[in-house]
Amino acid sequence: MSEIENNISLENIEIELFLQTLKLCYGYDYNNYNFASFKRRMRALKNKVGVSSISEMIPILIHDKQFLETVIDGLSVTMTDMFRDPDVFLNLRNNIFPVLKSYPRIKLWVAGCATGEEVYSLAILLHEEKLLSRSMIYATDVNKKNLEIAESGIFSLDKVPDYTRNYQAAGGKASFSDYYHARYSNAIIPEYLRERVVFNHHNLAVDTCFGEMHLVMCRNVLIYFNTELQNKALNLFYDSLVRGGFLCLGTKESLRAFTQTDKFSTLSNYSRIYQKLSPDVIPLKEFD
Ligand SMILES: C[S@@+](CC[C@H](N)C(=O)[O-])C[C@H]1O[C@@H](n2cnc3c(N)ncnc32)[C@H](O)[C@@H]1O
């Protein structure tokens, strides 16, 4: 074996040991993440911490509880935007919300909500469709630091031009500036949008389902999982939905890993919107 190959396999062993430590000490299970992208993040974490090998982080992880947050944060990809993939929000507004209108109380779960931009986009949409006052959005993530930022409802004013464009493309009915207060370099989401959101720590790899959801959104999270974990998460979403409830995945994600293929119907292949099937529910027609 060449020296390079040897180093690579040693690195894999170090990653395995690190993963075991994370699971044994703290119950965080990253074993079923896509290994290639996980490895890139482990390397980035190693550089950020300033150690020369991944195994050097193992004793720190065991003895320093504060280090856990650095690890979880380092292992998360948190890229997000308001009204990311605006067509998806437009499709939700035009095709899914009219069905949600028939429920007296609407429960929505945003799994892997990162720093909250997707959650507040959904809240704005619900507000414009006059559904917010009877809606509750449960927003969850494995990364507690992300959740704190999300809960603060603050984002950078620099992002406003992009978010305004996205909002308009998502069929925005007002002016995007109606939905934040500017203070110094920050944009702050108003209380009436925030009060319909409950943020919770939840790990899709180990935690159980949320009950009776009408819409589950989990976008750009499954791409980081291997097939086994994707299947597990998709089962969790299936169990969390009411009969006829809706699932929205990221535009690069699908139900391919889901072993119970006959349990959802596809409503939008582009927007990755699916409906939970049940004998007493007539599924909506596919809309694109
Ligand atoms: C790329 S962001 C996606 C944010 C948002 N959904 C979007 O599409 O804009 C991925 C998020 O998934 C979260 N995540 C990763 N693994 C998770 C897990 N096992 N359980 C819950 N959230 C997880 C990360 O912490 C991160 O905030």
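Here the structure is a predicted model, which means the values were calculated and not measured.

Draft legend 1. View of the overall build of the protein chain. Looking only at helices and strands, the protein chain has ten helices and ten strands in total. Each principal axis of the C-alpha atoms in the protein chain carries an extent, and together these give about 60 × 50 × 30 Å. Buried residues in the protein chain amount to 36% of all 288 residues. The contacts in the protein chain between residues at least 6 apart in sequence include a share of 75% that link residues at least 24 apart.

Draft legend 2. Spatial organisation of the nonpolar core. With 64 residues, the main nonpolar core has Val110, Val119, Ala123 and Val216 as its most contacted residues. Counting residues per element, this core draws most heavily on helix H6 (residues 117-128), at seven residues. In this structure valine 216 touches Trp109, Ala111, Phe237, Ser240, Leu241 and Leu247, once residues within four positions along its chain are discounted. Residues Leu22, Val71, Ile72 and Val142 belong to the second largest nonpolar core, which totals nine residues.

Draft legend 3. Seen up close, the site of the ligand. Among the 22 residues in the neighbourhood of the ligand, the closest are listed as Ser76, Thr80, Gly112, Ala114 and Leu204. Tallied by class, residues from the shell around the ligand come to eight nonpolar, ten polar and four charged.

Draft legend 4. Examining the environment of leucine 131 more closely. Note on placement: leucine 131 falls in the loop between H6 and strand S2 (135-141). Taking the C-alpha atoms as reference points, leucine 131 and asparagine 91, 40 residues apart in sequence, are found 16 Å from one another. If we ignore the near neighbours within four places in the chain, the residues touching leucine 131 are Phe97, Leu100, Lys101, Ile106 and Leu126.

Draft legend 5. Representation of the sheet that holds strand S9 (residues 264-268) within the structure. One open sheet accounts for seven strands, arranged S6-S2-S1-S7-S8-S10-S9; its pairing is mixed. If you trace the sheet from one side to the other, it starts and ends with strand S6 (197-201) and S9, each paired once. Taken over all neighbouring pairs, the strand axes of this sheet differ in orientation by 20 degrees on average, direction set aside. Relative to strand S10 (residues 273-276), S9 is paired through four bridges, and the arrangement is antiparallel. Each bridged residue has a counterpart across the sheet, and for serine 265 the counterpart in S10 is glutamine 275. The sheet strands contacting helix H10 (residues 227-240) are strand S1 (106-111), strand S7 (213-218), strand S8 (241-249) and S10, and the helix crosses S7 at an angle near 160 degrees.

Draft legend 6. Inspection of the domain arrangement of the protein chain at higher detail. When its domains are assigned, the protein chain resolves into domain 1 (3-75) and domain 2 (86-276). Placing a centre on the C-alpha atoms of domain 1 and another on those of domain 2 gives a separation of 30 Å. The interface of domain 1 with domain 2 comprises ten residues on the first partner and twelve residues on the second. When its residues are assigned to classes, the side of domain 1 that touches domain 2 shows three nonpolar, four polar and three charged.

Draft legend 7. Spatial organisation of the environment of glutamate 195. Along the chain, the position of glutamate 195 falls in the loop between helix H9 (191-194) and S6. Residue glutamate 195 is classed as exposed on the basis of its 11 C-beta neighbours within 10 Å. Placed 116 residues apart in sequence, glutamate 195 and methionine 79 show a C-alpha to C-alpha distance of 24 Å.

Draft legend 8. Up close: the packing of helix H2 (residues 35-49) against helix H4 (residues 67-75). Two elements in contact, H2 and H4, have axes whose closest approach is 9 Å; the angle formed by their N-to-C orientations is 135 degrees. Classified by the angle between their axes, H2 and H4 sit oblique to one another. Where H2 crosses over H4, the handedness of that crossing is right-handed. Along its contact with H2, which presents Arg41, Ala44, Leu45 and Lys48, the element H4 presents Val71, Gly74 and Leu75. Partitioned by chemical class, the residues of the contact of H2 with H4 number four nonpolar, one polar and two charged.

Draft legend 9. Representation of the sheet that holds strand S5 (residues 186-188) in the model. Taking strand neighbours across the sheet as the criterion, the three strands line up as S3-S5-S4 in an open arrangement whose pairing is antiparallel. Edge positions in the sheet fall to strand S3 (154-156) and strand S4 (181-183), since each has one partner strand and no second. Here the average twist between neighbouring strands, direction ignored, is 35 degrees. The pairing of S4 with S5 spans three bridges and is classified as antiparallel. By the bridge assignment, arginine 183 is partnered in S5 with asparagine 186.

Draft legend 10. Fine view of helix H5 (residues 86-100). The first and last C-alpha atoms of H5 sit 19 Å apart over 15 residues, in line with the 21 Å expected at 1.5 Å per residue. Along H5, the residues that are buried comprise Val88, Phe89, Asn91, Leu92, Ile96 and Leu100. Against S1, H6, S7, S8, S9 and S10 lie the buried residues of H5.

Draft legend 11. Quick look at the environment of alanine 182. Following the sequence through the fold, alanine 182 ends up in strand S4. Taking the C-alpha atoms as reference points, alanine 182 and leucine 157, separated by 25 residues in sequence, lie 7.3 Å from one another. Residues in contact with alanine 182, not counting those within four places in the same chain, are Leu157 and Ala187.

Rules and cut-offs
Residues numbered from 1 in each chain as written. Predicted model: local features only at pLDDT ≥ 70, side-chain atom pairs only at ≥ 80, totals over all residues. Helix = DSSP H or I, 4+ residues; strand = E, 2+ residues; numbered from the N terminus. Buried ≥ 20, exposed ≤ 12 C-beta atoms within 10 Å, placed from the backbone. Contact = placed C-beta atoms within 7 Å. Core = buried A, V, L, I, M, F, W, Y, C linked by C-beta atoms within 7 Å. Near = placed C-beta within 6 Å. Nonpolar A, V, L, I, M, F, W, Y, C, P; charged D, E, K, R; others polar. Pairing = 2+ DSSP bridges. Axes fitted to C-alpha atoms, helices over the stretch in contact; angles between N-to-C directions. Domains from an automatic or database assignment. Parallel < 35°, antiparallel > 145°, perpendicular 65-115°, else oblique. Left-handed = near helix turned anticlockwise from the far one by under 90°. Expected span 1.5 Å × (residues − 1).

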